[in-house]
Amino acid sequence: ARIRRLLDDAARGVGFSEETRAAAQRKMAGIFKADPGPLKVVMLLELLHVLSEDPASRKIASPAYTKPVNLKKIDRLERVLNHLENHWREAVTLAEVAKVAALHPQSMSRFFRQHLGMNFQEYLIQLRVSRAARMLMESDRTVASIAFDCGFNNLANFNRQFQAAHGKTPSAFRKGG
């Protein structure tokens, strides 16, 4: 029942305590390293259990966040997210993404904020940092190599963005999982 409630709440976003986030990161690292099969499913359930047990968890968005579904907007958002999924390592611009969505760049910026709760640049950085975190856990490549492979052209900026997202440096993240 708690996991079901967690999944329902996830539609509005859920924030967790620092302790739970650290435990969840360790669980996710194990999932990434596990061989495909039933063990991965069990590990995923363990992760969901850890998240669902956090007494300090909180919903991020208000109940007003859930809006009526507009299929045209969903299709546009899907096109944009697919484009970013395929080009996140490259120098992607707001103007380029606006063309994919058939919007003016200013409208694209507003569209991003309305539907994802952040601006285009914040989303792109979050996407790149999450991919870098996964690479740090799954490979022995250098931090610099991973940073440049994830679309960051400045190692200091990568370290700053990573620390802001994960509360630790990429090297510390790799050591602590």
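The rules behind each value
- Residues numbered from 1 in each chain as written.
- Predicted model: local features only at pLDDT ≥ 70, side-chain atom pairs only at ≥ 80, totals over all residues.
- Heavy atoms only, no water.
- Helix = DSSP H or I, 4+ residues; strand = E, 2+ residues; numbered from the N terminus.
- Contact = heavy atoms within 4.5 Å.
- Areas by Shrake-Rupley, 256 points an atom, 1.4 Å probe, with all protein chains shown as cover.
- Lys, Arg positive; Asp, Glu negative; His and termini not counted.
- Charge placed at Lys NZ, Arg CZ, Asp CG, Glu CD.
- Axes fitted to C-alpha atoms, helices over the stretch in contact; angles between N-to-C directions.
- Parallel < 35°, antiparallel > 145°, perpendicular 65-115°, else oblique.
- Nonpolar A, V, L, I, M, F, W, Y, C, P; charged D, E, K, R; others polar.
- 1 Å grid on protein atoms, 1.4 Å probe; cavity = no way out; pocket = protein on both sides within 12 Å on 5 of 7 lines; lining within 4 Å.
- Points joined across faces, edges and corners; volume = space filled by probe spheres on them.
- Salt bridge = Lys/Arg side-chain N within 4 Å of Asp/Glu carboxyl O.
- Buried < 20%, exposed > 50% of the residue type's maximum accessible area, 1.4 Å probe, protein only.

1. What to know about the overall build of the chain
- Check the secondary structure of the chain and you find ten helices and two strands.
- Start at the N end of the chain and walk to the C end: the helices and strands fall as α-β-α-α-β-α-α-α-α-α-α-α.
- Across its three principal axes, the chain shows a C-alpha extent of roughly 45 × 40 × 30 Å.
- Sequence separation of 24 or more characterises 60% of the internal contacts of the chain that already satisfy a separation of 6 or more.
- By element, 55% of the accessible surface of the chain is carried by carbon and sulfur atoms, the whole surface being about 11000 Å².
- Side-chain charges in the chain split into 28 positive and 17 negative, and the spacing between the mean points of these groups amounts to 5 Å.

2. Some words on the packing of helix α1 (residues 2-9) against helix α3 (residues 38-52)
- At their nearest, the axes of α1 and α3 sit 9 Å apart, and the two run at 80° to each other. As the angle between them shows, α1 and α3 are arranged roughly perpendicular. Contact residues: α1 offers Arg2, Ile3, Leu6 and Leu7, while α3 offers Leu45, Leu48, His49, Leu51 and Ser52.
- Tallied by class, the residues present in the contact of α1 with α3 amount to six nonpolar, two polar and one charged.

3. Some details on the layout of surface pockets
- The computed volume of the largest pocket comes to approximately 1400 Å³.
- In terms of lining, the largest pocket is formed by 36 residues, of which the most central are Val14, Ile60, Gln126, Ser130 and Ala165.
- Those elements that place two or more of their residues in the lining of the largest pocket are α2 (18-33), α7 (120-138) and α9 (155-166).
- At nine residues, the largest contribution of residues to the lining of the largest pocket is made by α7.

4. Re unusual backbone geometry
- For Ala102, which is not a glycine, the phi torsion comes out positive at approximately 60°.
- By secondary structure assignment, the location of Ala102 is in the loop between α5 (94-101) and α6 (105-116).

5. A word on the pattern of salt bridges
- Overall, the coordinates contain ten salt bridges when judged by the stated rule.
- Of the charged contacts, one joins Glu18 and Arg21 as a salt bridge, the two residues approaching to 2.7 Å between their closest N and O atoms. One end of the pair is Glu18 and the other is Arg21, both in helix α2 and three residues apart, which spans about a single turn.
- Exposure remark for Glu18: the relative accessible area of 51% places this residue in the exposed category.
- Among the ionic pairs, Glu46 bridges to Lys27, the shortest N-O distance being 3.6 Å. With Glu46 in helix α3 and Lys27 in helix α2, the pair connects residues that are 19 residues apart, well separated along the chain.
- Of the residues examined, Lys27 reaches a relative accessible area of 29% and is grouped as partly exposed.
- One salt-bridge network, held together by shared partners, links Arg89, Arg141 and Asp149.

6. Focus: the packing of α5 against α6
- As a packed pair, α5 and α6 sit with axes 9 Å apart at the nearest point and diverge in direction by 85°. With respect to α6, the axis of α5 lies roughly perpendicular. Counting all contacts with α5, which are made through Leu94, Ala95, Val97, Ala98 and Ala101, the residues of α6 involved are Pro105, Met108, Ser109 and Phe112.
- Partitioning the contact of α5 with α6 into residue classes produces eight nonpolar, one polar and no charged.

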